[in-house]
Every structure is written in C-alpha cells, then in structure tokens.
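The lines below spell out each chain.
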Amino acid sequence: MERILVTGAAGYIGTTLVPMLLEAGYRVRAIDRFFFGENNLPDHPRLERIKADSRRLAPEHFSGVDHVVDLVAISNDPSGELFQKATYDINFESRVACARLAKAAGVKRYVLPSSCSIYGFQAPDVVCNEATPTNPLTTYAKANEKAEQGVLPLADERFCVVVLRQATVYGYSPRMRFDLAINGMTYGAWKTGVLPLMRDGSQWRPMVHVQDTARAQIFMLQADRDAVNGRIFNVGSSENSYQLGPLAERVAAAVPRKVAIEWYGDADHRSYQVGFDRIQGLGWRAERVAEDGVLEIVERLEAGTLDKTKETITLGWYQELIGWQKKIREIEIDGCLIDM
Ligand SMILES: NC(=O)c1ccc[n+]([C@@H]2O[C@H](COP(=O)([O-])OP(=O)(O)OC[C@H]3O[C@@H](n4cnc5c(N)ncnc54)[C@H](O)[C@@H]3O)[C@@H](O)[C@H]2O)c1
C-alpha cells in the first residue's frame, strides 16, 4: 500500500484529492497549516494529519513516503500581491525544498500542481502548448514558474518529477472557494440574481473541474514513468476553454432563476487559450464541463449544506486572520487574554 504525502492537503483541491486517494487504496500523509480549518478532511484510518508549515519541512516528514503531491500555496493573484514574500517563500522556495527532501528520502514520484496562469497574456490566435513561451504577469504566476524551473532539473532515473499546469478550477469541494470564476458567478447568480463578470468578458480562460484535476494528479502517480518524467502537462480540455462573457451566459442559464450579468473590476489583462494534446495523448480526459459544477453547487446551496462563509474567499480570510492576530497581540499579556 503506497503512501502519498500531500502538502496543502486541507485546501480546495486537497480536500477533493485526499478522499479520492483514500478511495483508490493509498495511505495519505496530509500536511497543512489548516488556515481554512481541520474539518474538511475525513476521518480515515489510512489518513495521517500533520500540522506543519511547508517552509519548515524536515526529513522525517518523508519517511515511508512513496510519492508527493505538492499542492501548498498562497493560491490566487490578489493574495499573491498582498503577501509577495510569503508567496515566493511558500509557492516557490518551499516546494523546491520539498522536492529536494523527497528526492533525498528516496521518494519515487513528485507532482507539482502548477497553473496555466503562467501563460498570462497571449495573442488571440495563440493556443499555448507546454513549449509556448510563458508570460507570467503576477507574483502568484511568477512563483509558480520559478517552482517549475526549480523542481524539473531534479528529475532522474530514480526520482520522477511531473509538472501539471492546471486550468482555473471550479466545482464543489469541502474547503469551498467562491473566489474562483465559475464558483463566484454561480453564487452571485443564485443568491442575488446578479452574476459578477470580470470585465470585459472577452478574455479567454481554460477551466477544469476540481474532481478532474484531482484525477489528473492521481493519473500522474500511476502513469508510465518514462512517459511523464521531467515533463510538463497542461490540465484541462478544449470543451472547458471559455471566453468569460459566453461562459457567464452559460452559468446564468444553468441557475434556476432570472439572472442579470454585471461587470466588475478593472480590465482583466490575463487572456490565454491552452491546448491539452499532451495529456490527452496519454489517455487522460476531463469528464465535466462548467454546467456540471454550477448544478452541484446550486444543489448544495439550495439544500443549505453550503454557504459563502468568510473562509470561502481566500484573500478575505487571510486578512481576517491577520486582523485577529493583531488584535490579540495588542491586548494579551504574557501570552494570556482572560485567564492568567
Ligand atoms: N484552484 C485553482 O483554480 C488552481 C488553478 C491552478 C493551480 N492551482 C494550484 O493548486 C494548488 C492548490 O490550490 P487550492 O485552490 O487548493 O488552494 P487553497 O488555498 O484552497 O489551499 C492551499 C492550502 O495550503 C495551506 N497552506 C498555505 N500556506 C501553507 C504553509 N506555509 N504551510 C502549510 N500549509 C499551507 C492552506 O492552509 C490551504 O489549506 C496551489 O498550488 C495552486 O496554485 C489552483
């Protein structure tokens, strides 16, 4: 029974991936700071939880580990701009250090879930494949690219390294994110009848369902190593490549109420079309499209089992945590508040 170490395991993708790994028969060592809580992972005899910071990983975290999926990150553009140093330290430095520790410990495979956002802005006639020159526009995208460049040279005949450039993810996951495009559109449309669309809607963005990207990660743990070692794969599908305006109309049509579309924000400078021939050439296919994600989210909202809590907006939640820390530091004495 192989053991998979998953960093950032209690995040949006991790809380979908971990149950799928357990279901597939793996042991899982989940490492996370649990910024978004501990309750989004299941209790399971083959799941080990470790509260640790990815910037402080040690050789013992890798003992008995066969493969690593290194999800940990400050996970979006606005958070990356607010916490630039932490974003480089976590998304880049800590992941390269993790890959080095994994290699030294005899781990067989290391998967880096990176992002298609490193393509940044591309001319409208360009469909990016994995060899297309990148154009990372944000701290988040730049840190991902540096992580890719740091881990790929570690690949050799004993240590298999795979980089996945994931499209923007959507769909329900236990650590829910309503700051992702399709999820945010769905919530706004369902709750208020107003769907927020980042202007001006002509920008291209590839998408992938959270279960599909988790399946791609498991696929890479099991694929023929010579076919994947030292390689980069875009993760998504042409069926899920959308211009945001037409996508908003599809989301609005899938939500069971009258919906108006309203622009928000400044002009979005990111626009990229992506091709997925390489991963499809290995036999992997996305199984879902936007409407599948919309419907499963609406179903849970209707049932009252899902809500847009503060934790579901990544940047807002990090700011909230920092606000509490500041407040507590102002009033505590000798580390104590009320009881001393
Ligand atoms: N969600 C997307 O659309 C998307 C798209 C492309 C790539 N990705 C990449 O996939 C990965 C996972 O994204 P996500 O959407 O699950 O993000 P997320 O924010 O939901 O999860 C990140 C997790 O990492 C944890 N974490 C953060 N800093 C930590 C640290 N220093 N030490 C330990 N734990 C820490 C957080 O507590 C959180 O549970 C990221 O690398 C992200 O860049 C995501």
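Rules used in this analysis
Residues numbered from 1 in each chain as written. Predicted model: local features only at pLDDT ≥ 70, side-chain atom pairs only at ≥ 80, totals over all residues. Helix = DSSP H or I, 4+ residues; strand = E, 2+ residues; numbered from the N terminus. Expected span 1.5 Å × (residues − 1). Bend = angle between axes of the 7 residues up to and from the residue. Buried ≥ 20, exposed ≤ 12 C-beta atoms within 10 Å, placed from the backbone. Contact = placed C-beta atoms within 7 Å. Core = buried A, V, L, I, M, F, W, Y, C linked by C-beta atoms within 7 Å. Pairing = 2+ DSSP bridges. Axes fitted to C-alpha atoms, helices over the stretch in contact; angles between N-to-C directions. Near = placed C-beta within 6 Å. Nonpolar A, V, L, I, M, F, W, Y, C, P; charged D, E, K, R; others polar.

Between its first and last C-alpha atoms helix α3 (residues 84-104) spans 29 Å; for 21 residues at 1.5 Å apiece the expected length is 30 Å, and the two agree. Taken as a whole, α3 carries its principal kink of about 30° at Ser-94. Within the sequence span of α3, burial applies to Thr-87, Ile-90, Asn-91, Phe-92, Ser-94, Arg-95, Cys-98, Ala-99, Leu-101, Ala-102 and Lys-103. Where α3 is buried, its residues touch β1 (3-7), β4 (67-70), α2 (77-82), β5 (109-115), α4 (139-151) and β7 (160-166). Where α3 terminates, the next one or two residues include Gly-106, which has phi positive at roughly 85°.

What follows covers unusual backbone geometry. The omega torsion of the bond from Arg-199 to Asp-200 falls at 0°, within 30 degrees of zero and hence cis. Looking at where Asp-200 falls in the secondary structure, it is placed in the loop between β9 (194-198) and β10 (204-209). Here Phe-34, not a glycine, exhibits a phi torsion of approximately 60°, which is positive. With respect to the helices, strands and loops of the structure, Phe-34 is situated in the loop between β2 (27-32) and β3 (47-51). Its identity as a non-glycine residue notwithstanding, Asp-334 has a phi of 55°, on the positive side. Inspection of the secondary structure puts Asp-334 in the segment after α11 (314-331).

Attention now goes to the nonpolar core. Of all hydrophobic cores here, the largest spans 98 residues; its most connected members are Val-6, Tyr-110 and Val-251. With residues up to four places along the chain from it excluded, the contact list for Tyr-110 reads Val-68, Asp-70, Ala-99, Ala-102, Val-151, Phe-159 and Val-161.

A word on the sheet that holds strand β12 (residues 241-243). Reading across from one edge, β8-β10-β12 is the order of the three strands in this open sheet, with mixed pairing throughout. The sheet is open, and its two edges are formed by β8 (168-170) and β12, each paired on a single side. Between one strand axis and the next, the sheet turns by 45° as a mean value, whatever way the strands run. Contacts from helix α6 (residues 210-222) reach β8 and β10, with the element oriented near 75° to β10.

Our next topic: the site of the ligand. Around the ligand lies a shell of 28 residues, among which Gly-8, Gly-11, Phe-35, Ala-73 and Ser-75 are the nearest. Secondary structure elements with two or more residues in the shell around the ligand: β5 and β8. Along the lines of polarity and charge, the residues of the shell around the ligand split into 13 nonpolar, nine polar and six charged.

Turning next to the sheet that holds β3. What the seven strands build is an open sheet, ordered β3-β2-β1-β4-β5-β7-β11; its pairing is parallel. Both outer strands of the open sheet, β3 and β11 (231-235), are each paired with one neighbouring strand and no more. On average, each strand axis in the sheet is inclined to that of its neighbour by 20°, with strand direction left out of account. Sheet topology note: the β2/β3 ladder contains five bridges and is parallel. Counted as the bridge partner of Arg-29 is Glu-48 from β3.

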